[in-house]
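Observations on chain architecture
Chain by chain, the residues run as shown.
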Amino acid sequence: MRFGKPALMGAGLGFLMGIAFLVISLVQFDETVTNAKDVALVSLLFGIPFSVLIGLGIGWAWGKFFGQNSL
């Protein structure tokens, strides 16, 4: 399976958004329910990979609809 430039750019943007969501979640979690370690672990194991997959899918669709050289 080969991914074009739009798909890889989408995956990169998804990774950056996953990092941003990690920082946001570390700033505003409820300390009475959980701790920073658990929040970071869940974000690293689930949040970032799903953000990358969503970005990859959106980038792939962008490349299919608008062409590989559209970005």
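Up top you'll find the structure we're talking about.
Overview of the structure. Quick caveat, the model's predicted, so the values are computed rather than measured.

About the thresholds
- Residues numbered from 1 in each chain as written.
- Predicted model: local features only at pLDDT ≥ 70, side-chain atom pairs only at ≥ 80, totals over all residues.
- Heavy atoms only, no water.
- Helix = DSSP H or I, 4+ residues; strand = E, 2+ residues; numbered from the N terminus.
- Rg over C-alpha atoms; globule rule 2.2 N^0.38 Å.
- Areas by Shrake-Rupley, 256 points an atom, 1.4 Å probe, with all protein chains shown as cover.
- Buried < 20%, exposed > 50% of the residue type's maximum accessible area, 1.4 Å probe, protein only.
- Patch = residues over 30% accessible without salt bridge, like charges linked within 9 Å, V, L, I, M, F, W, Y side chains within 5 Å.
- Salt bridge = Lys/Arg side-chain N within 4 Å of Asp/Glu carboxyl O.
- Axes fitted to C-alpha atoms, helices over the stretch in contact; angles between N-to-C directions.
- Parallel < 35°, antiparallel > 145°, perpendicular 65-115°, else oblique.
- Left-handed = near helix turned anticlockwise from the far one by under 90°.
- Nonpolar A, V, L, I, M, F, W, Y, C, P; charged D, E, K, R; others polar.
- Phe/Tyr/Trp six-rings, centres within 6.5 Å; stacked < 30°, edge-to-face > 60°.

**Focus on the overall build of the protein**
Counting secondary structure elements, the protein contains two helices and zero strands. Relative to the 2.2 N^0.38 estimate, which gives 11 Å for 71 residues, the radius of gyration of the protein is 15 Å and therefore markedly larger than a compact globule would have. If one aligns the C-alpha atoms of the protein with their principal axes, the spans along those axes are about 50 × 20 × 15 Å. As displayed, the protein offers around 5300 Å² of accessible surface, 73% of which is attributable to carbon and sulfur atoms.

**Remarks on the environment of Val33**
Assignment of secondary structure puts Val33 in the loop between α1 (5–27) and α2 (36–66). Judged by relative accessible area, which is 68%, Val33 ranks as exposed. C-alpha of Val33 to C-alpha of Phe50: the two residues are 17 residues apart in sequence and 24 Å apart in space.

**Things to note about a nonpolar patch on the surface**
Residues Leu41, Val42, Leu44, Leu45, Phe46, Phe50, Leu53, Ile54 and Ile58 make up a contiguous nonpolar surface patch of roughly 930 Å² in combined accessible area. For Val42, the position within the fold is in helix α2.

**Describing the packing of α1 against α2**
It is at 7 Å that the axes of α1 and α2 come closest, and there the two elements cross at 155°. Considering their axes alone, α1 and α2 lie roughly antiparallel with respect to each other. Here α1 runs over α2; the crossing is right-handed. Grouping the constituent residues of the contact of α1 with α2 by class yields 17 nonpolar, nine polar and no charged.

**Points about the packing of aromatic side chains**
One pass over the full model with this rule turns up one aromatic pair. When the centroid spacing of 4.6 Å and the interplanar angle of 50° are considered together, the rings of Trp62 and Phe66 count as tilted. A residue pair is termed a helical-turn pair when its members lie 3 or 4 positions apart in one helix, as Trp62 and Phe66 do in helix α2 at four residues. The exposure class of Trp62 is partly exposed, given its relative accessible area of 38%. Accessibility expressed as a relative area gives 55% for Phe66, which makes it exposed.

Function-wise, these values are silent; they only describe arrangement.
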